Amino acid sequence: MRTKNLLIAVAALTLLSGRALLSVPAQDQDEDKAKAENWIAQADSTKALVESVLDSAIEAGAEEHPVASGQVADAQRWLGEGARALATAKEALAAEDYERAANVGNMAWQYYVKAGTAAVLAAKLVTGGT
C-alpha cells in the first residue's frame with residue numbers, strides 16, 4: 001500500500017511540475033544539442049580569425065624573425081590541437097553524444113584561443129607592436 005501511495009505522489013508531483021517524465025530528457029537533450037552546436041560554432045569562427053591573423057604575421061616575416069618564429073610554431077601547434085578536437089566534437093555531435101560534443105567543442109575553442117594569442121604575439125613582434 002505504501003508503494004502505491006508513493007507512486008501516486010510521484011506521479012502527482014510530476015504532473016504538477018508541468019514536466020512529464022518522458023519530456024524531461026528531450027528538453028535536456030535539446031539544450032545539450034544547442035550547447036554543443038554553440039561551442040562548435042564558436043570554435044569554427046575563432047579558428048577562421050586565428051588563421052587570418054597568423055597568415056598576416058607570416059606574410060610580414062614572422063617565420064624568419066628570431067623570436068616571432070617561436071610564436072608562429074606555437075600557434076601552428078595549437079591550431080593542430082584545435083583541428084583534432086573540433087573534428088572529434090563534430091563526430092560526437094553527429095553521433096548525438098551532445099555532452100561530449102559540447103565538452104570537446106569547448107576544448108577546441110580554448111586551443112584556438114591559445115593559437116590566437118601566439119599569432120597576435122608573433123604579429124606584434126614582427127611589426128614592432130603595431
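## Considerations on the pattern of salt bridges
Thought 1: Throughout the structure, instances matching the rule amount to four salt bridges.
Thought 2: Between Asp-44 and Lys-90 there is a salt bridge, and its shortest N-O distance comes to 3.4 Å. On the criterion of sequence distance, the pair formed by Asp-44 in helix α2 (residues 23-59) and Lys-90 in helix α3 (residues 68-94) is long-range, its members being 46 residues apart.
Thought 3: Note on Asp-44: relative accessible area 29%, which makes it partly exposed.
Thought 4: One salt bridge connects Arg-77 with Asp-74, and the closest N-O pair in it is separated by 3.2 Å. Taken as a pair, Arg-77 and Asp-74 lie in helix α3 at a separation of three residues, close to a single helical turn.
Thought 5: The class for Arg-77 is partly exposed, based on a relative accessible area of 45%.

## Side note on a negative patch on the surface
Thought 1: There is a patch of like negative charges on the surface, built from Asp-28, Asp-30, Glu-31, Asp-32, Asp-97 and Glu-99.
Thought 2: Per-element tally for the negative patch: the top contributor is α2, with four residues.
Thought 3: One can find Asp-32 in helix α2.
Thought 4: On the accessibility criterion, Asp-32 (34% relative accessible area) is partly exposed.

## Describing the environment of Glu-37
Thought 1: Residue placement: Glu-37 occurs in helix α2.
Thought 2: In the structure, Glu-37 is positioned 52 residues away from Ala-89 in sequence and 9.2 Å away in space, judged by C-alpha atoms.

## Concerning the nonpolar core
Thought 1: Residues Leu-54, Ala-62, Leu-79, Leu-86, Ala-108, Tyr-112 and Ala-122 are the most contacted members of the largest nonpolar core, which totals 23 residues.
Thought 2: At the level of elements, α2, α3 and α4 (98-127) are the ones that each hand at least two residues to this core.
Thought 3: The biggest single contributor to this core is α4, with nine residues.
Thought 4: Setting aside chain neighbours within four positions, we find Leu-79 in contact with Val-50, Glu-51, Leu-54, Tyr-112 and Ala-115.
Thought 5: Ala-36, Ala-92, Ala-101 and Ala-102 belong to the second-largest nonpolar core, a separate cluster that totals five residues.

## Looking at the packing of aromatic side chains
Thought 1: Following the criterion strictly, the structure yields two aromatic pairs and no others.
Thought 2: An angle of 50 degrees between the planes, with centres 5.5 Å apart, marks the rings of Trp-39 and Trp-109 as tilted. Of this pair, Trp-39 sits in helix α2 while Trp-109 is found in helix α4, placing the two residues 70 residues apart along the sequence.
Thought 3: Under the relative-accessibility criterion, Trp-39 is labelled buried at 19%.

Definitions and cut-offs
- Residues numbered from 1 in each chain as written.
- Predicted model: local features only at pLDDT ≥ 70, side-chain atom pairs only at ≥ 80, totals over all residues.
- Heavy atoms only, no water.
- Salt bridge = Lys/Arg side-chain N within 4 Å of Asp/Glu carboxyl O.
- Helix = DSSP H or I, 4+ residues; strand = E, 2+ residues; numbered from the N terminus.
- Buried < 20%, exposed > 50% of the residue type's maximum accessible area, 1.4 Å probe, protein only.
- Patch = residues over 30% accessible without salt bridge, like charges linked within 9 Å, V, L, I, M, F, W, Y side chains within 5 Å.
- Areas by Shrake-Rupley, 256 points an atom, 1.4 Å probe, with all protein chains shown as cover.
- Lys, Arg positive; Asp, Glu negative; His and termini not counted.
- Charge placed at Lys NZ, Arg CZ, Asp CG, Glu CD.
- Core = buried A, V, L, I, M, F, W, Y, C linked by side-chain atoms within 4.5 Å.
- Contact = heavy atoms within 4.5 Å.
- Phe/Tyr/Trp six-rings, centres within 6.5 Å; stacked < 30°, edge-to-face > 60°.

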